[in-house]
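# Architecture at a glance
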Amino acid sequence: MAYIELKEVSKAFAGKSVVKDVSLEIERSTVTGIMGRSGSGKTTLLRMLSGLETPDYGEITIDGVKVFSSKEKINVAPEKRNVGMVFQEYALWPHMNAGQHIAFVLEAKKIPSKKRPALIKKYLALIRMEGRETSYPGQLSGGEKQRLALARALAQEPRILLLDEPFSSLDKELKEGFREEIKRVRETLETTILYVTHNSEDLEGLADNMARIEKGKIIMQGRL
Ligand SMILES: Nc1ncnc2c1ncn2[C@@H]1O[C@H](COP(=O)(O)OP(=O)(O)O)[C@@H](O)[C@H]1O
Ligand SMILES: [Mg+2]
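Note that the coordinates shown come from a computational prediction; the quantities given were computed from them, not determined experimentally.

Procedures and definitions
- Residues numbered from 1 in each chain as written.
- Chains lettered and ligands numbered in written order.
- Predicted model: local features only at pLDDT ≥ 70, side-chain atom pairs only at ≥ 80, totals over all residues.
- Helix = DSSP H or I, 4+ residues; strand = E, 2+ residues; numbered from the N terminus.
- Rg over C-alpha atoms; globule rule 2.2 N^0.38 Å.
- Buried ≥ 20, exposed ≤ 12 C-beta atoms within 10 Å, placed from the backbone.
- Contact = placed C-beta atoms within 7 Å.
- Domains from an automatic or database assignment.
- Nonpolar A, V, L, I, M, F, W, Y, C, P; charged D, E, K, R; others polar.

### Examining the overall build of the protein chain
In terms of regular secondary structure, the protein chain is built from 6 helices and 11 strands. Compactness check: the protein chain gives a C-alpha radius of gyration of 17 Å against a globular reference of 17 Å for 224 residues, within 12% of the reference. Dimensions of the protein chain, computed from C-alpha atoms along their principal axes, come out at roughly 45 × 40 × 35 Å. Buried positions account for 37% of the 224 residues belonging to the protein chain. The contacts in the protein chain between residues at least 6 apart in sequence include a share of 68% that link residues at least 24 apart.

Following this line, the structure appears as structure tokens:
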């Protein structure tokens, strides 16, 4: 059995079908890129995996445990799925500095406050932002904001990391940097990574596996 399995997952909004019978199998510690145009259902698919959106039909299994099943009426809450997500617009908190972003996650995980500063250091170092604890989102560049969003997701120690269009608002140089960041995360933490993009170039040299989504349907999938 694959590490992540989606079976015939479907979702409609106000009667309009946006994800249709999506079945996918993803192996542990791999990087999968899903490519599709704007409006093809990519974000909805990621949100259903993380538990932020409830499918209408289908089944989602992570590491042998069903987290969603329409038939069996199973729907595991997002905080119990241990899936980290980096949103397309980063969703940082303007009134919190970099250290506080990570501390917030550590607190939610009930990590004792004594242990938090060292962990904050560790995650900031992982994204090459050592010593930036007291910087606020408004003081960070676009690339730094995205890396902070990544560090916040990693501080959860997620078993799966979802990235929504991680390259769409980065220029060529930053894009290259963030690719290296993702590769490093994969190598050091062995996280299973799934990202979506509208640009086929974003799959090359990063994803082990790819899928193509069109109007909510997976029309192609394979190894790269
Ligand atoms: N909460 C929602 N309510 C109504 N329609 C939605 C909602 N979320 C997404 N949609 C619609 O579903 C379709 C797919 O959206 P989305 O998953 O965001 O696609 P993508 O990320 O590929 O651009 C779009 O037509 C979008 O307008
Ligand atoms: Mg989207």
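### Some words on the domain arrangement of the protein chain
By the assigned domains, the protein chain splits into domain 1 (1-82 + 159-224) and domain 2 (90-157). Residue-level contacts link 9 residues of domain 1 with 8 residues of domain 2. Per element, the largest residue contribution to the side of domain 1 that touches domain 2 is 6 residues, and it comes from helix H6 (residues 172-189). Per-class residue counts for the side of domain 1 that touches domain 2 are 6 nonpolar, 2 polar and 1 charged.

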